[in-house]
Amino acid sequence: MSGEFEAAGTAIEGALIAKAVESESGDTTGGNSGKCLNCEAPVTGNYCNNCGQPLHIHRSIGAFWHDILHGVLHFEGKFWRTLPLLVWKPGDLTRRYIHGQRARFISPMALFLFSVFMMFAVFSFLGGPFSGGSAVETDEDVNMGVVMQTADIERQIAEKEAQLEAGDTVDQTKLRQEILDLKKGRNLLATMTGEKTPYPEVKLGDGDVKLGNFTEEDLDQLQTGLEDIQEGNVLNDDSSVTTGSKELDKTIMDGFRKVNENPDLLLYKLKANGYKFAWLLIPISLPFVWLTLIGRRGYHFYDHAVFTTYSISFMSLLFITCAALAALGVSQEIWVILLMFYPPFHMYRQLRHAYKLSRIEALLRLSALLVFTVISMTLFFTILFAVGILG
């Protein structure tokens, strides 16, 4: 139950942080004259002309909970004006915000913070993105597959040995070779699972044979590698990484050893760092957006930053929505189509209307932006991986 409370608390925290980024217009229930309690300037209306604070200040527990709900659900009413435009007319939202309509809409950074914290909260409930699906292969599934494969090989060995003893097969040499190959395969499975080999008299190097698509040399190399893993001889050679700095080489190798010993810890670090360093997507993506729009005059890096932040915020919210749909059991075709096809369509509409492009020019620049998006995400996950390894 603590996980649910933690997730709910994170969602509220995200909303309040995002609200803090917005310009405070405040709440008021009355009062039209007096002195501002914040800056002590004379107030002739509901709000201070000097700092913007409302004249009337709530001091009740009901008002406290109202502020929380207001921050989570309303964003001063801006949320319901911003979300429809963000979903269907992102270019219009971007252009209107850049050109000065700041009080009507949630700022890009506030929306980005809200989306990141909502992602953390939702995935805390779900246990991870799309974790409810049956496509994830568990350790039990893997073990069951190995057991079934082992039983099938044992059955074939028994059948062929029975045929050999009965002497009803013309090509006895071929039958013996097939039995030998099957026993090698059974020994190989035993080596992979760490159990004692059932046919110790049969070695992987016996005879010039093939097992499936593996040659004798392939099997020898695989067996050597499996033995190294079982004996802990992996990643023990400092000379395998050479950066020119012995200290850095040692740090990298120590990181790889930790991953080899506890891969689940790396996965946890990647998830945790994904939320912590999500803001890196903005500076990483910004130069690529500038390259995409190169040649368009009258636009500045600020415009590109607004475009980038709104776009990333929407993609985060879309990802959350699709994960929730998957957890609710909605048909996979629906949320997969949303996840695969709506992002490029959204980027096309935002590009075209935010920068006033023609359809052809928007499509051409979209092609470049999609390539840059892949590069940006690759850089982002590379950074996360490096932090997870070295951290």
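Anything mentioned here points back to the structure above.
Report follows, based on the coordinates. (Residues numbered from 1 in each chain as written. Predicted model: local features only at pLDDT ≥ 70, side-chain atom pairs only at ≥ 80, totals over all residues. Heavy atoms only, no water.)

### Observations concerning the packing of helix H11 (residues 281-292) against helix H12 (residues 301-327)
Heads up, the condition is: Between N-to-C directions, angles cover 0 to 180 degrees, with each direction set by a line fitted to C-alpha atoms, over the stretch in contact for helices. Counting from the N terminus, the helices are DSSP H or I runs at least four residues long and the strands are E runs at least two residues long. Orientation categories follow fixed angle ranges, with anything under 35 degrees roughly parallel, anything over 145 roughly antiparallel, 65 to 115 roughly perpendicular, and all other angles oblique. When the near helix sits turned anticlockwise from the far one by under a right angle, the crossing is termed left-handed; a clockwise turn instead gives a right-handed crossing. Every residue pair with non-hydrogen atoms within 4.5 Å of one another is taken to be in contact. Only Asp, Glu, Lys and Arg are considered charged in this grouping, and only Ala, Val, Leu, Ile, Met, Phe, Trp, Tyr, Cys and Pro are considered nonpolar; every other residue, Gly among them, is considered polar.
Look at H11 against H12: their axes get within 9 Å of each other, and the N-to-C directions meet at 125 degrees. When the interaxial angle is binned, H11 and H12 end up oblique. Pair H11 / H12 crosses with right-handed handedness. Every residue of H12 that contacts H11 at Leu 281, Ile 282, Ser 285, Leu 286, Val 289 and Trp 290 is listed here: Phe 301, His 304, Ala 305, Phe 307, Thr 308, Thr 309 and Ile 312. Classifying every residue of the contact of H11 with H12 gives nine nonpolar, four polar and no charged.

### Observations concerning the state of the cysteines
Applied cut-off: Note on terminology: pairs of cysteine sulfur atoms within 2.5 Å are recorded as disulfides.
All told, the structure shown has zero disulfides when counted by the stated rule. With no disulfide of its own, Cys 36 lies 3.6 Å from the sulfur of Cys 51, the closest cysteine sulfur. The cysteine Cys 48 is free of any disulfide, with Cys 39 supplying the nearest cysteine sulfur at 3.6 Å.

### Brief notes about the nonpolar core
This is how the line gets drawn: For the purposes of this section, nonpolar cores are sets of buried Ala, Val, Leu, Ile, Met, Phe, Trp, Tyr and Cys residues that join through side-chain atoms within 4.5 Å. Burial classes: relative accessible area under 20% of the type maximum marks a residue as buried, over 50% as exposed, and values in between as partly exposed (1.4 Å probe, protein chains only).
Counting 25 residues, the largest nonpolar core has Leu 86, Leu 93, Phe 105 and Tyr 310 as the members making the most contacts within it. Elements represented by at least two residues in this core include exactly helix H3 (78-88), helix H4 (90-98), helix H5 (108-126), H12 and helix H13 (332-354). Other than its neighbours up to four places away in sequence, Leu 86 contacts Leu 93, Leu 111, Tyr 310, Phe 314, Leu 317 and His 346. Membership of the second largest hydrophobic core comes to twelve residues, among which are Leu 293, Phe 307, Tyr 348 and Ala 362.

### Some details on the packing of aromatic side chains
Here is the rule: Pairs were defined over the aromatic rings of Phe, Tyr and Trp, the Trp ring being its six-membered one, requiring ring centres within 6.5 Å. Orientation was assigned from the angle between planes: stacked under 30 degrees, edge-to-face over 60, tilted for the rest. Cation placement over rings: the criterion is NZ of Lys or CZ of Arg within 6 Å of the ring centroid and within 35° of the ring normal.
Per the stated rule, a full pass over the model turns up twelve aromatic pairs. Seen from their ring centres, Tyr 97 and Tyr 310 are 6.0 Å apart, and the 90 degrees between their planes marks the pair as edge-to-face. Of the two residues, Tyr 97 sits in helix H4 while Tyr 310 sits in helix H12, which places them 213 residues apart along the sequence. In this pair, the class of Tyr 97 matches that of Tyr 310, namely buried. Between the aromatic rings of Trp 290 and Phe 301, the centroid separation amounts to 6.2 Å while the plane-to-plane angle is 15 degrees, which identifies the pairing as stacked. Of this pair, Trp 290 sits in helix H11 while Phe 301 sits in helix H12; the two residues are eleven residues apart in sequence, bridging distant segments of the chain. Judged by relative accessible area, Phe 301 falls into the partly exposed class, the value being 43%. Put simply, the rings of Trp 88, Phe 314, Tyr 342 and Phe 345 pair up and form one aromatic cluster. The ring of Tyr 97 is capped by Arg 102, whose NZ or CZ atom sits 4.7 Å from the centre of that ring.

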